[in-house]
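# Inside the fold
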Amino acid sequence: MKLWGGRFTKATDKSVEEFNASIQYDCRMYAEDICGSIAHATMLAKQGIISQEDKDAIVSGLKTIYEQIEAGDFEFSVELEDIHMNVEKRLTDAIGEAGKRLHTGRSRNDQVALDTHMYIRKEIAAIAKLLIQLQQSLVSAAEKHKDVIMPGYTHLQRAQPVLFSHHMMAYFSMLSRDFIHLQYAWDMADMMPLGAGALAGTTYPLDQPFVAKTLHFGKLYDNSLDAVSDRDYIIAFLEFAAVLMMHLSRLSEEFILWSSSEFKFIELDDSHCTGSSIMPQKKNPDICELVRGKTGRFYGHLMGVLTMMKGIPMAYDKDMQEDKEGVFDAIDNLKFALTIYAAMIDKMTVNKEHMREVLETDFSNATDMADYLAKKGLPFREAHAVVGKAVHYCIEKGKVLQQLSLEELQAMSPLFAEDIHHYLDIEICVDQRNTYNGTAPSSVERQCRDGHQTVHTEQEQMDQWSDIVSTVYDLVK
Ligand code: ARG
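Overview of the structure. Keep in mind it's a predicted model, so treat the numbers as computed, not measured.

## As for the site of the ligand
Close to the ligand lie Ser 22, Asp 26, Asp 82, His 84, Arg 108, Asn 109, Val 112, Tyr 316, Gln 321 and Lys 324, which account for all nearby residues. One of the side-chain N or O atoms of Ser 22 is found 3.0 Å from a nitrogen atom in the ligand. Within the side chain of Asp 82, an N or O atom sits 3.0 Å from a nitrogen atom of the ligand. Tallying contributions element by element places helix α7 (residues 108–144) first for the shell around the ligand, with three residues. For the shell around the ligand, the residue count by class is two nonpolar, four polar and four charged.

## Thoughts on the pattern of salt bridges
Within this structure, the stated rule accounts for 29 salt bridges. Of the charged contacts, one joins Asp 190 and Arg 121 as a salt bridge, the two residues approaching to 3.0 Å between their closest N and O atoms. Here Asp 190, found in the loop between α8 (164–189) and β3 (191–192), pairs with Arg 121, found in helix α7; they are 69 residues apart in sequence, far enough to count as distant. Across this residue pair, the class does not change: Asp 190 and Arg 121 are buried. Here Asp 147 makes a salt bridge to Lys 352, at a shortest N to O gap of 3.1 Å. Note that Asp 147 is positioned in the loop between α7 and β1 (149–154) and Lys 352 in helix α14 (residues 352–360), a separation of 205 residues in sequence. The class for Asp 147 is partly exposed, based on a relative accessible area of 45%. A relative accessible area of 31% places Lys 352 in the partly exposed class. Shared partners join several salt bridges into a network, and the residues in it are Lys 2, Lys 14, Glu 17 and Glu 79.

## As for the pairing of β1
Here β1 pairs with strand β2 (residues 157–163) via six bridges, running antiparallel. Bridge assignment links Ile 149 to a residue of β2, and that residue is Leu 163. Linkage of β1 to β2, two consecutive antiparallel strands, is achieved through a turn of two residues, within which His 155 is found at a positive phi near 55°.

## Regarding the side chain of Gln 111
As for its position among the elements, Gln 111 is in helix α7. Discounting chain neighbours no more than four positions away, the residues touching Gln 111 are Asp 33, Ser 37, His 84, His 103, Arg 106 and Leu 194.

## Some details on the packing of aromatic side chains
Applying the stated criterion to the full structure yields 14 aromatic pairs. Taking 5.9 Å as the distance between ring centres and 50° as the angle between the ring planes, the aromatic pair formed by Phe 164 and Trp 258 counts as tilted. Within this pair, whereas Phe 164 is found in helix α8, its partner Trp 258 is found in helix α11 (residues 232–258), the two being separated by 94 residues in sequence. On the basis of relative accessibility, which here comes to 0%, the residue Phe 164 falls in the buried class. Taking the centre distance of 5.8 Å and the plane angle of 15° together, the rings of Phe 179 and Trp 465 count as stacked. Of this pair, Phe 179 sits in helix α8 while Trp 465 is found in helix α20 (residues 441–473), placing the two residues 286 residues apart along the sequence. An identical accessibility class is assigned to Phe 179 and Trp 465; each is buried. Lying over the aromatic face of Phe 210, Lys 46 brings its terminal NZ or CZ to 5.1 Å of the ring centre. Lying across the ring of Phe 74, Arg 90 places its NZ or CZ 4.1 Å from the centre.

Calculation notes
- Residues numbered from 1 in each chain as written.
- Predicted model: local features only at pLDDT ≥ 70, side-chain atom pairs only at ≥ 80, totals over all residues.
- Heavy atoms only, no water.
- Near = heavy atom within 4 Å.
- Polar contact = N/O pair within 3.5 Å; in protein donor to acceptor, adjacent residues only side chain to side chain.
- Helix = DSSP H or I, 4+ residues; strand = E, 2+ residues; numbered from the N terminus.
- Nonpolar A, V, L, I, M, F, W, Y, C, P; charged D, E, K, R; others polar.
- Salt bridge = Lys/Arg side-chain N within 4 Å of Asp/Glu carboxyl O.
- Buried < 20%, exposed > 50% of the residue type's maximum accessible area, 1.4 Å probe, protein only.
- Pairing = 2+ DSSP bridges.
- Contact = heavy atoms within 4.5 Å.
- Phe/Tyr/Trp six-rings, centres within 6.5 Å; stacked < 30°, edge-to-face > 60°.
- Lys NZ or Arg CZ within 6 Å of the ring centre and 35° of its normal.

Structure below.
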């Protein structure tokens, strides 16, 4: 019989049972379910709601179930619908009466909320580590290739020379914002819903602060209806994940372009590429394409939960069971993407000479020529026009700006002097852009220094999260 079967006279239809069940995916929250139940049972005994003996039987029974699941020695049953009832049924089968007292003062509605909060906190700690690792790879790449100059682009047209390191550190900055997003997701998840019961609170003298403390939650919910029906923390996590994937997707697009024969700026390591089953010469950046492609489903997961939530009346509705699969999928794919990207950046080769060649045969220094004239007093708009003409002249002659002789230049503007060729040098163009966040080596070095500091601060946060998570899961040891 079902745990809730009392008022029913017929068995559940088989396809209803299967459609209704969530055990196929929520089984991954077994550790959360068991730790949450240990905290709940401990509190029930402390409050005199169940006896010490019952509590001891429950706790040791739950620990055995944990070991069985860990050992792969637990068959989850669709008939029992979800992780909560799978565990509870097994507990009752094992210890009898006492097991049936565990669900006192609790509903699956606050139980599933608790488990999901805990699960997301655990994964946030794990993902923080991988995110930091990727940031470290970006700073290392910036430091390793600090003398590489590449064409910077707008509209995917060569625009101005930038340090390759500057380009890497732009992604570092994006990921630093992702970390802030992750902190927000943690704060949203760090709230303890137990005690809300099905929706209205419970009639037992529960000690909710005690449960929160046992499970290391920062806050309690103020309102029981909200506690069981809040999914903002899931949305916050999916927002974080969607934006992070958008950043990785942009990087993917660049890596795909840069590793093409048309660009030849980088080469990804063989271990991160795949070949073609028909074209022997191919080396494809599949991983980058997959990250770019998977970004779509991350947006989908976020949109799915937002849409699922928008029309449901309080408090719990079964719609909310749909909150999990997308998050789980996002977590799994994100962990892969972050791990592989860190290694891919560590191992890629950067084609410094080719990028330099491209720069030397194009017009990325045109702005610098205009700036030169403007600094000599010509209004910038006029300077822009002079250089525009110079570029046009060069294209006709098959030259680039630095190949023009002083005579040719002075025919265009008398303001040109000997030193113009110095200012057209690609290295000087980069050096000159020494504003606070510009591409000059001094700025990029500062970005890397600050980057190390950011990573350090993030690591402290991550350690704090990891400590919380590992202490909580010690409950089951
Ligand atoms: N499997 C359910 C979920 O994931 C658990 C809560 C079910 N509660 C209920 N009253 N049906 O949302």
